[in-house]
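# Secondary and tertiary structure notes
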Amino acid sequence: MIQYMPLFRSCSTTRTLVQVHAHLVTTGQYRSHLASTKLIESYAQMGSIDCAKLVFQTFPAPDSFMYGVLIKRYVWNGLFKEAVALYCNMLHELTLISRFIFPSVLRACSSFGDLGLGQNVHGRIIKCGFESDSIVQTSLLNMYGEASCLSYARRVFDEMPERDVVSWSSVISMHVRNGQPSQGLKLFLKMVIDGHEPDYVTLLSIAEACGELGLGLQSKSIHSYAVTRKIENSDHGLLNNSLIAMYGKCGDLHNAQSLFDRVSSHCTSSWTSMITCYNHNGFYQTALDLFKKMQESKTEGNAITMMAILCSCARLSYLREGQSIHGFIVRKQLDADYILGPALIDLYANCGKFNTCHKIFDTSRNRNVISWNMLVSGYTREGMSEDALDLFKQMRAHTISPDEFTIASVVSACGNIGFSNLGTQVHGYVTKTGILNEFVQNSLIDMYAKCGFIDSAYSVFKNQNHRSVVGWNSMMWGFYHNGNSVDAMNLFDQMYLEGQEMDDVTFLSAIQACSNLRYLEKGKWIHHKLITNGVMNDNTFVNTALLDMYAKCGDLRMAQTIFEIISDKSVVSWSAMIDAYGMHGLVDLAISIFNRMMESNMKPNEITFMNILSACSHAGYVEEGKFYFDSMRKDFGIEPKLEHFSCLIDLLSRAGHLDDAYRIIGSMPFEIGYDEADSRKS
């Protein structure tokens with residue numbers, strides 16, 4: 001072998017290797033086991049797999065080492081089926097097998113997705129007596145981890161006589177990847193206690209785990225550990241990018257931005273990580289601004305970058321910018337089908353361009369569950385619930401199994417149109433299939449509440465193993481929406497006593513319940529908690545609900561005070577203040593607020609006119625009422641609804657203008673039945 005080794009070292013191209021091969025043949029050396037093995041390895045390294053296979057097939061009696069070389073090269077070239085087939089052929093030809101074979105075969109099994117074959121290989125390893133080999137054990141660990149068989153992986157890990165940093169990193173990573181970040185952190189703690197010092201690969205998984213769990217304090221500790229131990233940050237700053245993503249998931253944009261700014265030379269991955277951080281925290285415009293800086297730095301984005309930017313455009317409904325990104329994707333021939341197809345569908349669905357959504361969807365070669373989900377959720381968000389349900393039926397007809405996101409969108413669509421029958425069927429389906437997680441349960445609570453089945457909603461809520469603030473909020477809103485404000489307040493009190501997390505939506509539902517019940521003292525207490533918790537600041541929805549609560553409970557002065565401190569008054573805020581003055585008989589002040597609203601260039605809506613007409617009706621302001629009623633259609637293009645006609649008729653009747661009231665009834669563009677009329681009189 002020594003005499004022809006320099007020949008192999010001189011091979012830089014396939015052509016020179018062929019010349020060496022020819023030389024070995026003419027000199028009779030090609031039948032040498034080592035020479036043939038080297039030829040197989042060299043051809044495979046240069047991508048000439050067929051030549052490597054030919055050398056192997058012409059060798060009279062290949063042993064397990066030669067089999068192992070070709071199997072390994074098959075795996076490295078992504079030819080997993082061929083690797084598995086060669087392994088099976090080897091079992092028929094040889095009785096003695098080298099342990100060198102098994103790591104490559106196990107890698108082929110996991111990449112090929114054949115768990116059954118992987119378990120058979122595991123059995124062969126035990127039969128051959130290699131189950132205690134550290135390299136083979138690590139390969140088994142990775143194979144079971146990639147197949148999401150954590151119980152088998154843990155058994156292999158627990159039986160390892162010696163565990164190095166590679167095996168610890170593998171078992172930690174597989175738990176994090178498979179949705180068990182808490183277990184990954186527990187294993188990390190055991191690793192440190194056992195005296196193993198983590199490397200940067202370990203910290204990649206731990207950073208991901210901290211991010212998934214939102215552990216801000218632990219995230220800083222991991223970052224500090226990496227800095228103080230000077231752990232090598234290879235692969236173009238992969239650890240830095242993971243730390244940026246970790247801080248972003250924890251909502252710590254300050255540290256994420258600081259870490260990003262400290263990077264001397266930004267690559268595509270670092271830019272993408274920071275953009276994704278802003279998206280994750282709802283700062284979509286900031287994400288787009290950062291993307292512009294990325295372009296100015298002449299750093300070109302990849303498919304992951306484009307996916308993040310499409311998300312920003314979708315959330316902001318920026319159609320023009322999204323179309324520009326779409327054009328870039330087409331020009332650069334990025335993988336729009338498999339990675340960017342669902343993101344493009346999401347963009348156009350958010351912008352209401354469903355024809356374009358379907359064009360992308362229909363021409364896609366990869367209509368996976370994510371693509372279907374984007375369409376179903378898009379229709380649901382846009383209020384096209386029946387179309388969403390039709391699409392779900394098509395999805396099932398194509399034998400696409402729904403996941404939790406599909407189910408949540410379908411259940412939400414059922415709730416929007418009051419289609420409880422299908423919602424109940426979906427509930428039964430997810431119970432049987434085990435998709436009934438918290439995300440789906442919260443959607444079911446919302447659906448049952450919207451359909452008026454509050455007992456069913458509460459049954460789902462009561463059976464939740466883990467309740468986040470979203471679940472509590474959904475149930476509180478369900479009680480309030482169905483007229484059970486007392487139950488909503490009881491649930492709020494239970495949350496407070498148990499120390500549950502509360503957000504602005506929690507307080508909003510509680511305030512609305514107080515409004516219905518006229519609980520002024522309870523409302524004041526909640527107001528105090530809002531101030532101490534810092535929820536009230538610049539929250540227009542909460543402030544408007546407080547305004548309405550104080551007005552309905554008789555404290556008009558406090559309602560006025562809150563109205564004046566709202567910095568960004570919405571049409572709902574203006575309408576609520578008009579209603580507050582109207583219900584207290586102060587119609588002149590209601591009209592004054594309406595005029596201020598016009599001066600601020602805020603366009604009134606149907607509710608605004610309903611409130612001003614109601615104020616005029618209670619005070620007998622006939623001419624003003626007629627003026628506002630006529631102004632709806634003439635000045636603002638708002639078609640009066642039955643409630644607006646009812647207010648005007650009530651105003652005219654109270655003032656004794658019965659002929660005018662009767663004429664208005666005759667001019668209504670819709671009919672009203674006797675039952676409905678009687679119910680309104682009562």
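Thresholds applied
- Residues numbered from 1 in each chain as written.
- Predicted model: local features only at pLDDT ≥ 70, side-chain atom pairs only at ≥ 80, totals over all residues.
- Heavy atoms only, no water.
- Helix = DSSP H or I, 4+ residues; strand = E, 2+ residues; numbered from the N terminus.
- Rg over C-alpha atoms; globule rule 2.2 N^0.38 Å.
- Buried < 20%, exposed > 50% of the residue type's maximum accessible area, 1.4 Å probe, protein only.
- Contact = heavy atoms within 4.5 Å.
- Areas by Shrake-Rupley, 256 points an atom, 1.4 Å probe, with all protein chains shown as cover.
- Disulfide = S-S within 2.5 Å.
- Patch = residues over 30% accessible without salt bridge, like charges linked within 9 Å, V, L, I, M, F, W, Y side chains within 5 Å.
- Salt bridge = Lys/Arg side-chain N within 4 Å of Asp/Glu carboxyl O.
- pLDDT = per-residue confidence, 0-100.
- Axes fitted to C-alpha atoms, helices over the stretch in contact; angles between N-to-C directions.
- Parallel < 35°, antiparallel > 145°, perpendicular 65-115°, else oblique.
- Left-handed = near helix turned anticlockwise from the far one by under 90°.
- Nonpolar A, V, L, I, M, F, W, Y, C, P; charged D, E, K, R; others polar.
- Phe/Tyr/Trp six-rings, centres within 6.5 Å; stacked < 30°, edge-to-face > 60°.
- Arc of directions from axis to C-beta.
- Expected span 1.5 Å × (residues − 1).

## A look at the overall build of the chain
Helix and strand counts for the chain stand at 41 helices and 0 strands. A compact globule built from 682 residues would reach a C-alpha radius of gyration of about 26 Å, whereas the chain, at 34 Å, exceeds it by more than 25%. In terms of overall dimensions, the chain has C-alpha extents of about 120 × 50 × 50 Å along its principal axes. Classification of the 682 residues of the chain by burial places 46% in the buried group. A fraction of 60% describes how many contacts in the chain between residues 6 or more apart in sequence connect residues 24 or more apart. For the chain, the accessible surface area stands at approximately 34,200 Å², while carbon and sulfur atoms represent 51% of it.

## Some words on the state of the cysteines
Going through the model one piece at a time under the given rule, you end up with 0 disulfides. Cysteine 149 forms no disulfide, and the closest cysteine sulfur to it belongs to cysteine 109, at a distance of 12 Å. The closest cysteine sulfur to the non-disulfide-bonded cysteine 311 is located on cysteine 313, 9.2 Å from its own sulfur. Judged by its relative accessible area of 25%, cysteine 311 falls in the partly exposed class.

## Concerning a nonpolar patch on the surface
A grouping of Ile304, Met307 and Ile339 is seen on the molecular surface, where their side chains present a nonpolar patch of about 220 Å² in accessible area. Within the secondary structure, isoleucine 339 is located in helix α21 (residues 336-350). Taking relative accessible area as the criterion, isoleucine 339 reaches 31% and is therefore assigned partly exposed.

## What about the confidence of the model for the chain?
Mean pLDDT over the chain stands at 86; residues scoring 70 or higher make up 91%. The least confident element of the chain, judged by mean pLDDT, is helix α41 (residues 674-681) at 41; the most confident is helix α18 (residues 284-296) at 95. Segment residues 674-682 is flagged for pLDDT under 50; beyond a separation of four residues in sequence, or across chains, it makes 6 contacts in the model.

## Let's talk about the packing of helix α12 (residues 181-193) against helix α13 (residues 200-213)
Relative to each other, α12 and α13 sit at 135°, their axes nearing to 9 Å. Looking at the two axes, α12 sits oblique to α13. Like other packed secondary-structure pairs, α12 and α13 cross with a definite hand, here left-handed. Counted together, Pro181, Ser182, Gly184, Leu185, Phe188 and Met191 of α12 and Thr202, Ile206, Ala209, Cys210, Glu212 and Leu213 of α13 form the full contact between these two elements. Among the residues forming the contact of α12 with α13, the class breakdown is 8 nonpolar, 3 polar and 1 charged.

## Examining the packing of aromatic side chains
How two aromatic rings sit relative to each other is given by the distance of their centres and the angle of their planes. In total, this model carries 22 aromatic pairs according to the counting rule given. Ring geometry for phenylalanine 609 and phenylalanine 636: centres 5.6 Å apart, planes at 55°, overall tilted. Taken together, the positions of phenylalanine 609 in helix α37 (residues 606-619) and phenylalanine 636 in helix α38 (residues 622-636) put the pair 27 residues apart, joining distant regions of the chain. On the accessibility criterion, phenylalanine 609 (0% relative accessible area) is buried. Put simply, the rings of Phe594, Phe609, Phe627, Tyr628 and Phe636 pair up and form one aromatic cluster.

## Considering the side chain of asparagine 611
Along the chain, asparagine 611 falls in helix α37. Residue classification places asparagine 611 among the buried residues on the basis of a relative accessible area of 13%.

## Let's talk about the pattern of salt bridges
Evaluation of the coordinates by the stated rule reveals 18 salt bridges. Where lysine 450 meets aspartate 446, a salt bridge forms, and the shortest distance between an N and an O atom there is 3.2 Å. Of the two residues, lysine 450 and aspartate 446 are both situated in helix α27 (residues 438-450); the distance of 4 residues between them amounts to about one turn of the helix. Under the relative-accessibility criterion, lysine 450 is labelled partly exposed at 32%. Through salt bridges with shared partners, a single ionic network connects Arg315, Asp346 and Arg381.

## Examining the environment of leucine 517
Along the chain, leucine 517 falls in helix α31 (residues 504-517). Expressed as a C-alpha distance, the spacing of leucine 517 and serine 600, which sit 83 residues apart in the sequence, is 33 Å. Beyond its immediate chain neighbours, meaning those up to four positions away, leucine 517 contacts Ser485, Val486 and Met489.

## Let's talk about unusual backbone geometry
At glutamine 333, a position not held by glycine, the phi torsion is positive, near 55°. Mapped onto the elements, glutamine 333 comes out in the loop between α20 (319-332) and α21. Positive phi, normally seen in glycine, also occurs at threonine 399, with a value near 55°. Structurally, threonine 399 can be placed in the loop between α24 (385-397) and α25 (404-417).

## Some remarks on helix α10 (residues 150-158)
One turn of the α-helix equals 3.6 residues, which is why residues spaced by three or four share an orientation. Within the span of α10, buried status applies to Leu150, Ala153, Arg154, Val156 and Phe157. Around the axis of α10, the buried residues are gathered within 160° of arc, so they sit on the same side. The inward-facing, buried residues of α10 contact α8 (115-128), α9 (134-146), α11 (165-177) and α12.

## A short note on the packing of α25 against α27
Running from amino to carboxyl end, α25 crosses α27 at an angle of 10°, the nearest separation of the two axes being 8 Å. Here α27 runs roughly parallel to α25, going by the angle between their axes. Between α25 and α27, the contacting residues are Glu404, Phe405, Ile407, Ala408, Val411, Cys414, Gly415 and Asn416 on the first element and Phe439, Val440, Ser443, Leu444, Met447 and Lys450 on the second. Partitioning the contact of α25 with α27 into residue classes produces 9 nonpolar, 3 polar and 2 charged.

## Regarding the environment of serine 600
Here serine 600 is to be found in the loop between α36 (587-599) and α37. For serine 600, a relative accessible area of 40% gives the class partly exposed.

## Some points on α8
Here α8 spans 20 Å end to end across 14 residues, near enough to the 20 Å set by a 1.5 Å rise per residue. Where the residues of α8 are buried, they touch α6 (80-93), α7 (102-112), α9 and α10. Looking one or two residues past α8, glycine 129 carries a phi angle of roughly 80°, positive in sign.

## Overview of the environment of leucine 141
Along the polypeptide, leucine 141 turns up in helix α9. Along the sequence, leucine 141 and glycine 620 sit 479 residues apart, while their C-alpha atoms lie 81 Å from each other. Contacts of leucine 141, omitting those with residues within four sequence positions, involve Ala153, Val156, Phe157, Ser167, Ser170, Val171 and Met174.

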